[in-house]
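Now for the letters of each chain:
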Amino acid sequence: MSARRVLAVFGVLVMLVAGCDRPGADDDRSAAGDGRAAAPMELAWQEVTLPAPPGPAGRLLLRDAVSCAGGWFLVGGVVDAAGETRPAAWSSADGVSWIPVPIAARTFYGRQHVLYAAACAPGPAGGSAGGRVAALGAKNGGVHGNPRTGTWVRDGAGALREVPAAFELFGGPRAVSVARLAAGAGGWLIAGARVDGAAVWTSPDADGFTLAEGLPELAGDARGRTAAYDAVALPTGWLVVGSLLPAGGAALTPLAWTSADGRSWRRVELPVRDGRGRAERVTLRDGVPVAVGAASDGFAVWRADDGARWQRVGGFGAVGPGVLSVVGLTVVRGVLVAVTGDGVGRSAWASTDGGASWRPVRAPLTVVDGGDTALTVAGGEDRLLVLADDGRGSHAWWGRV
């Protein structure tokens, strides 16, 4: 099967739950937030050379990266000329010299996974080599062609090994999405959705997850159906962001949830013009949560200044006739960098003031939105790592912020 089918279901999910009108040209906002054109941020890009992983030759699929106490970890896959895929990963101590990570797949579909999300928990000694890295992978298969999703974990400098799990832990008739992975002092958490709404999977060590679905406030109820898209660890627990499709409604409302233990959740509705939008990515800037997502008037930015009270602090415009989406968010030396899609192309944006104002970042490769393409970012120290796949090849670049 082709790599295109691996991620197709996620694109379909976004289309189904979007419910957000694209802004018109007069809604386009920029760095100053007043409609003036913003000069793009120019970075001196330096391309990264990634050695081919062991196995048959093929095109690299770069999908996510994470920085962990000075080390780096990059995940994705390889697709051969026949369209068959296999998982792949790379690690680096300095971000310059990369080596392939050994892959230890244990199942039929695991051997075909494309790894699409990663997280890292530093070890007590510091550095990624002293910690643990985990990843999410998926491959479409079975009678209905649904994603066969699983998790992977790596201790220190060993192999990235697949963690076998029961089919219905991530799949089955109640499956909807398995979106993003986060790590913190309290363990690991995956954000996603089941048929009754937002759900999470938790683990103390990423070596096997427990599903928590149908939880009060987190899952859907009489108020409507929820979905979770991203998560981040807090000093006191977890923060998850997503959306609510109100009962009888056709447009989404952005939500955030907090929990100390992954079982009891508190729901907060994020402020947005006309109540329409979704919170798609979240990160911490100087310890303060910042979320970005599509809204009816463009891309909205929210900040939780006291950890619980959210306010909309800014936004930026978009062009294109398609559904708006936020597919990446990171922070480098206090600079927020988001990656968005508008149905035509994917773009990068940066904010130096906590999300109040934004300017475009000139990416090193033009990437269309959708299909077998990808554009994402990862931040560490003073450098920004950009991964881009235009459907013909994948590349990685450094840019110093």
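On a predicted model such as this, the values are computed, not experimentally measured, just so you know.

## Thoughts on the overall build of the protein chain
Helix and strand counts for the protein chain come out as two helices and 29 strands. The burial tally for the protein chain puts 56% of its 401 residues in the buried class. Restricting the contact set of the protein chain to residue pairs at least 6 apart, pairs at least 24 apart contribute 52%. If you sum the accessible surface of the protein chain, you get close to 15700 Å²; carbon and sulfur atoms cover 54% of it.

## What to know about the environment of Ser 67
Here Ser 67 lies in strand S2 (residues 59-68). Ser 67 gets classed as partly exposed once you look at its relative accessible area, which sits at 26%. Each C-alpha atom, one on Ser 67 and one on Ala 93, is 9.9 Å from the other, the two residues being 26 residues apart in sequence. If we skip the residues at most four places from it in the chain, Ser 67 touches Trp 72, Gly 379 and Gly 380.

## A closer look at the sheet that holds strand S15 (residues 224-234)
Spatial strand order, S15-S16-S17-S18: four strands in an open sheet with antiparallel pairing. Each edge of the sheet is formed by a strand with only one pairing partner; in this case those strands are S15 and strand S18 (266-269). Between one strand axis and the next, the sheet turns through 25 degrees on average, direction left out of account. With four bridges joining them, strand S17 (residues 253-259) and S18 adopt antiparallel strand pairing. What sits directly across from Thr 258, in S18, is Arg 266.

## Quick word on the sheet that holds strand S24 (residues 335-341)
Judged by pairing direction, the sheet is antiparallel, and its four strands sit side by side in the order S23-S24-S25-S26 without closing on themselves. The open sheet terminates on both sides in strands that have one partner only, identified here as strand S23 (325-332) and strand S26 (359-361). Averaged over neighbouring strand pairs, the angle between their axes works out to 30 degrees when direction is ignored. Here strand S25 (residues 346-351) runs beside S26; their pairing, made up of three bridges, is antiparallel. Paired with Trp 349 across the bridge in S26 is Pro 360.

## Topic: the side chain of Thr 283
Tracing the sequence through the fold places Thr 283 in strand S19 (residues 281-285). Filtering out sequence-adjacent residues up to four positions away, Thr 283 remains in contact with Val 288, Pro 289, Val 290, Leu 329, Val 331 and Leu 336.

## Describing the nonpolar core
Counting residues in each nonpolar core, the largest one holds 18 residues, and the members touching the most others are Leu 181, Trp 188, Ile 190 and Phe 209. Put simply, the parts of the chain that give this core at least two residues each are strand S7 (114-121), strand S8 (132-141), helix H2 (167-170), strand S11 (175-184) and strand S12 (187-194). Sort the elements by how many residues they give to this core and S7 lands first, with four residues. In this structure, Leu 189, Ala 198, Val 200 and Trp 238 belong to the second largest nonpolar core, which totals 17 residues.

## A few points about the pattern of salt bridges
Applying the stated criterion across every chain, the model contains 22 salt bridges. Its salt-bridge partner being Arg 59, residue Asp 389 comes within 2.9 Å of it at the nearest N-O pair. Linking Asp 389 in strand S28 (residues 383-389) with Arg 59 in strand S2, this pair joins segments that are 330 residues apart in sequence. On the basis of relative accessibility, which here comes to 0%, the residue Asp 389 falls in the buried class. One salt bridge connects Asp 196 with Arg 174, and the closest N-O pair in it is separated by 3.1 Å.

## Some remarks on the environment of Ala 191
Structurally, Ala 191 can be placed in strand S12. On the accessibility criterion, Ala 191 (0% relative accessible area) is buried. When neighbours within four sequence positions are excluded, Ala 191 is seen to be in contact with Val 178, Ala 179, Arg 180, Ala 199, Trp 201, Ala 228, Tyr 229, Asp 230, Ala 231 and Val 240.

About the criteria used
Residues numbered from 1 in each chain as written. Predicted model: local features only at pLDDT ≥ 70, side-chain atom pairs only at ≥ 80, totals over all residues. Heavy atoms only, no water. Helix = DSSP H or I, 4+ residues; strand = E, 2+ residues; numbered from the N terminus. Buried < 20%, exposed > 50% of the residue type's maximum accessible area, 1.4 Å probe, protein only. Contact = heavy atoms within 4.5 Å. Areas by Shrake-Rupley, 256 points an atom, 1.4 Å probe, with all protein chains shown as cover. Pairing = 2+ DSSP bridges. Axes fitted to C-alpha atoms, helices over the stretch in contact; angles between N-to-C directions. Core = buried A, V, L, I, M, F, W, Y, C linked by side-chain atoms within 4.5 Å. Salt bridge = Lys/Arg side-chain N within 4 Å of Asp/Glu carboxyl O.

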